[in-house]
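Residue-level structural notes
The lines below spell out each chain.
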Amino acid sequence: SISNSMILPSSDFKSSVIFSKVKLYPNPTSNMLTITSANKMDAISVYNVVGQEVMNVNVNADNTVLNVSGLQDGIYLVRVISEGKVSTSKFIKQ
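A few points on the structure. (Residues numbered from 1 in each chain as written. Predicted model: local features only at pLDDT ≥ 70, side-chain atom pairs only at ≥ 80, totals over all residues. Heavy atoms only, no water.)

1. Structural notes on a nonpolar patch on the surface
Here is the rule we go by: Only residues above 30% relative accessible area that lack a salt bridge enter a patch, with like-charged residues linked at up to 9 Å and the nonpolar side chains Val, Leu, Ile, Met, Phe, Trp and Tyr linked at up to 5 Å. Note on areas: these come from Shrake-Rupley sampling with a 1.4 Å probe, and a residue is covered only by the protein chains present in the view. What makes a salt bridge here is a side-chain nitrogen of Lys or Arg within 4 Å of a carboxyl oxygen of Asp or Glu, nothing more. Think of it this way: any DSSP run of H or I at least four residues long counts as a helix, any run of E at least two long counts as a strand, and we number them from the N terminus.
There is a patch of nonpolar side chains on the surface, built from Val 49, Val 50, Ile 75 and Ile 92 and spanning about 380 Å² of accessible area. The residue Ile 75 is located in strand 4 (residues 74-82) in this model.

Here you go:
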């Protein structure tokens, strides 16, 4: 039996649905990464696997293109802030 189960409030699922609409492509990429969202994005940060911020862009749109050609090959996390909420996605630079 599960004794330490946790019940998430329905509001958590609602915000998850919003951010399932953030898309990164092409993935993997070598030069340009397109990011689209159902909602207007305010800021985008890119982090390497060690957690260092390697890129930070202020955005005021529902789509943008990042030039990632200067990044080393590897896995990166993209943090999107939209309407006060945060979404994190992963992309591969090769």
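2. Topic: the packing of aromatic side chains
Here is the rule we go by: Pairing of aromatic rings covers Phe, Tyr and Trp, the last counted by its six-membered ring, and requires centre-to-centre distances within 6.5 Å; plane angles under 30 degrees mean stacked, over 60 mean edge-to-face, and any other angle means tilted. Think of it in three bands: with a 1.4 Å probe and only protein chains considered, a residue is buried below 20% of the maximum accessible area for its type, exposed above 50%, and partly exposed in between.
Enumeration according to the criterion identifies 1 aromatic pair in this entry. When the centroid spacing of 5.5 Å and the interplanar angle of 20 degrees are considered together, the rings of Tyr 76 and Phe 91 count as stacked. In this pair, Tyr 76 is assigned in strand 4 and Phe 91 in strand 5 (residues 85-93), connecting sequence segments 15 residues apart. In terms of burial, Tyr 76 and Phe 91 fall into one category: buried.

3. Points about the environment of Val 68
To keep it simple, the criterion reads: Note on contacts: a residue pair is in contact if any heavy atoms of the two residues lie within 4.5 Å.
Take Val 68: it is sitting in the loop between strand 3 (53-67) and strand 4. The sequence separation of Val 68 and Met 55 amounts to 13 residues, and the corresponding C-alpha distance is 8.9 Å. What Val 68 contacts, discounting residues up to four positions off in sequence, is Thr 29, Ser 30, Asn 31, Met 32, Leu 33, Met 55, Phe 91 and Lys 93.

4. Quick notes on the pairing of strand 4
The condition is simple: Two strands are counted as paired when DSSP detects at least two bridges linking them.
Here strand 2 (residues 32-47) pairs with strand 4 via 5 bridges, running antiparallel. Along strand 4, the bridge assignment pairs Ile 44 with Val 80. Pairing of strand 4 with strand 5 involves 9 bridges; the strand directions are antiparallel. Across the sheet, the residue bridging to Arg 79 is Thr 88, located in strand 5.

5. Quick look at the environment of Lys 90
Position of Lys 90 relative to the elements: it lies in strand 5. Look at Lys 90 and you get exposed, because its relative accessible area is 51%.

6. Here's the deal with the nonpolar core
Heads up, the rule is: By nonpolar core is meant a set of buried Ala, Val, Leu, Ile, Met, Phe, Trp, Tyr and Cys residues that side-chain atoms within 4.5 Å join together.
Residues Ile 35, Ile 44, Val 46, Val 78 and Phe 91 are the most contacted members of the largest nonpolar core, which totals 16 residues. Elements represented by at least two residues in this core include exactly strand 2, strand 3 and strand 4. The element contributing the most residues to this core is strand 2, with 5 residues. What Ile 35 contacts, discounting residues up to four positions off in sequence, is Val 22, Lys 23, Leu 24, Met 41, Ile 44, Asp 62, Asn 63, Thr 64, Leu 66, Val 78 and Val 80.

7. So, the pattern of salt bridges
Counting across every chain of the model gives 2 salt bridges. Here Asp 42 makes a salt bridge to Lys 40, at a shortest N to O gap of 3.4 Å. Here Asp 42 falls in the partly exposed class, since its relative accessible area comes to 29%. Its salt-bridge partner being Lys 93, residue Asp 73 comes within 3.2 Å of it at the nearest N-O pair. A residue pair is termed long-range when its members are at least 10 positions apart, and Asp 73 in the loop between strand 3 and strand 4 and Lys 93 in strand 5 qualify at 20 residues. On the basis of relative accessibility, which here comes to 7%, the residue Lys 93 falls in the buried class.

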